[in-house]
Amino acid sequence: IYRGTTAQQQSIVGQLCNIEEKRDQLELGPPSILVVGHVAKLADTLDWRSQLPLSGKRVISLRSLGQSQQIIDQFSDLGAEVITLPMIECIPISKMVDQLKSNWLNPFTMIIFTSANAVNLFMASLVEKGLDVRQLSGKKILSIGPSTTQSLQSFGIRADKVAETYVQEGILDCLNHPLDKENILIPTSTGARNDLANGLQKRGSAVSIFRFYETRLPKTIKKVAIRDHDVVLFTSSSTARHFFQSDVYQGEDIVSVCLSDVTAKTVRQFRRRRVHVSDTATIEGLVKQIL
């Protein structure tokens, strides 16, 4: 068994008198496992992995390790070899986090979270400043997408509204009441778009964009050789930019699969070939697209 459980896995079955010859014909070398005895007769019977729909495929996740587990689980279950190649890290900005005080937060009537990263870092920053989730009492909480909603739930917060479409514009669609009395806070990164804030302001609300963290390329990048036909999952514009601007990508003929149209637009700036886009901005949508 050559490179077992990876996309390059190959198996040959023979006898002691011809196994070397078969190995040499396929040019198989280390790393390999030699199975000897009657159990080798079960090679075909136990060969369940090659029957999985993504067997022989490599899927590259560019998310941080903390956010990659769902991708690893779902694609591994379908037979793919999943490679984690973190292309993003989120760093809080100290001078912005220092603003998190009770008297600063009290006037806001609504908080909109646009990503799981924003939720996790915002909650961690509250704790750092000696506050907790009670500081959000009485405020409407809105979220975009299931991963953001799940992150809120992990802190004991149930979103009042969740955007039906998992992009910033989806929030505008689910806010059907007058906004002229709303004072809205949007915790986000330094590179986030302004479309949501602009749309809310046009409908009469006061909006504060709280850019309290930055996304950047990790200082240490895992050494991974990208190959032709690798499936690369682009889950945000930041990961796309960092991937193409890094030394990891050397022009290989990859299969680009994006979480949203916004991310796909970024990928097209670097690569003119076909870009696949998930019907829904979820991991399940990525899986469906690839299948």
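Above this text sits the structure in question.
Everything in this summary refers to the structure shown in the same document. Since this is a predicted model, take the numbers as computed values, not measurements.

Further remarks concern helix H5 (residues 116-128). A rise of 1.5 Å per residue sets the reference length of H5, with its 13 residues, at 18 Å; its end C-alpha atoms lie 18 Å apart and thus fit the reference within 8%. Here H5 has its buried residues at Ala 116, Asn 117, Ala 118, Val 119, Leu 121, Phe 122, Met 123, Ser 125 and Leu 126.

A separate point is the layout of surface pockets. Computed from the structure, the largest pocket encloses a volume of approximately 1200 Å³. What lines the largest pocket is a set of 43 residues, and nearest its centre among them are Thr 114, Ser 115, Thr 235, Ser 236 and Leu 259. For the lining of the largest pocket, the secondary structure elements donating two or more residues are helix H2 (69-77), H5, helix H6 (146-154), strand E7 (183-189), strand E8 (206-216), helix H9 (237-245), helix H10 (261-270) and helix H11 (283-290). Take the lining of the largest pocket: its biggest share by element is five residues, from H6. Split by residue class, the lining of the largest pocket holds twelve nonpolar, 27 polar and four charged. Empty space within the second largest pocket amounts to approximately 980 Å³. Around the second largest pocket, the lining is made up of 32 residues, and of these Ile 1, Ser 11, Ile 12, Ile 33 and Val 35 lie nearest the centre. Of the residues in the lining of the second largest pocket, the class split is 17 nonpolar, ten polar and five charged.

Counted by the stated rule, this structure contains twelve aromatic pairs. For the ring pair Trp 104 and Phe 210, a centre distance of 5.0 Å and an interplane angle of 55° mean the geometry is tilted. Residue Trp 104 is found in helix H4 (residues 102-105), and its partner Phe 210 is found in strand E8; the two are separated by 106 residues along the sequence. Trp 104 sits in the partly exposed class, given a relative accessible area of 24%. Each ring, one from Phe 234 and one from Phe 243, has its centre 5.6 Å from the other, and the planes form 75°; the classification is edge-to-face. Neither Phe 234 nor Phe 243 differs from the other in exposure class; each is buried.

Read from one edge of the open sheet, six strands run E3-E8-E7-E4-E5-E6, paired in mixed fashion. If you trace the sheet from one side to the other, it starts and ends with strand E3 (89-92) and strand E6 (161-163), each paired once. Strand-to-strand twist in this sheet, taken as the mean axis angle between neighbours without regard to direction, amounts to 25°. Sheet topology note: the strand E5 (residues 140-144)/E6 ladder contains three bridges and is parallel. Note on E6: the bridge partner recorded for Ile 144 is Ala 163.

A word on the nonpolar core. Formed by 23 residues in total, the largest nonpolar core has its most connected members in Phe 113, Phe 122, Met 123, Leu 152 and Phe 212. Elements with a minimum of two residues in this core: helix H3 (94-97), strand E4 (110-113), H5 and E8. A per-element tally of this core places H5 first, with six residues. When neighbours within four sequence positions are excluded, Phe 122 is seen to be in contact with Leu 100, Leu 105, Phe 113, Leu 136, Leu 185, Pro 187, Phe 210 and Phe 212. Counting 20 residues, the second largest nonpolar core, distinct from the first, contains Ile 83, Phe 234, Phe 243 and Val 267.

Okay, the pattern of salt bridges next. Applying the stated criterion to the full structure yields ten salt bridges. Put simply, Asp 132 and Arg 134 hold a salt bridge, and the shortest N to O gap is 2.7 Å. Residue classification places Arg 134 among the exposed positions, given a relative accessible area of 66%. Of the charged contacts, one joins Asp 253 and Arg 271 as a salt bridge, the two residues approaching to 3.1 Å between their closest N and O atoms.

Along the chain, Pro 30 connects to Pro 31 via a cis peptide bond; the corresponding omega equals -5°. Relative to the elements of secondary structure, Pro 31 occurs in the loop between helix H1 (19-25) and strand E1 (58-61). For Thr 5, which is not a glycine, the phi torsion comes out positive at approximately 75°. Looking at the secondary structure, you find Thr 5 in the segment before H1. Of note, Glu 27 is a non-glycine position whose phi angle comes to about 55°, a positive value. Within the secondary structure, Glu 27 sits in the loop between H1 and E1. A residue is classified by how much of its surface remains accessible, and Glu 27, at 73% relative accessible area, is exposed.

Reading guide: rules and limits
Residues numbered from 1 in each chain as written. Predicted model: local features only at pLDDT ≥ 70, side-chain atom pairs only at ≥ 80, totals over all residues. Heavy atoms only, no water. Helix = DSSP H or I, 4+ residues; strand = E, 2+ residues; numbered from the N terminus. Expected span 1.5 Å × (residues − 1). Buried < 20%, exposed > 50% of the residue type's maximum accessible area, 1.4 Å probe, protein only. 1 Å grid on protein atoms, 1.4 Å probe; cavity = no way out; pocket = protein on both sides within 12 Å on 5 of 7 lines; lining within 4 Å. Points joined across faces, edges and corners; volume = space filled by probe spheres on them. Nonpolar A, V, L, I, M, F, W, Y, C, P; charged D, E, K, R; others polar. Phe/Tyr/Trp six-rings, centres within 6.5 Å; stacked < 30°, edge-to-face > 60°. Pairing = 2+ DSSP bridges. Axes fitted to C-alpha atoms, helices over the stretch in contact; angles between N-to-C directions. Core = buried A, V, L, I, M, F, W, Y, C linked by side-chain atoms within 4.5 Å. Contact = heavy atoms within 4.5 Å. Salt bridge = Lys/Arg side-chain N within 4 Å of Asp/Glu carboxyl O.

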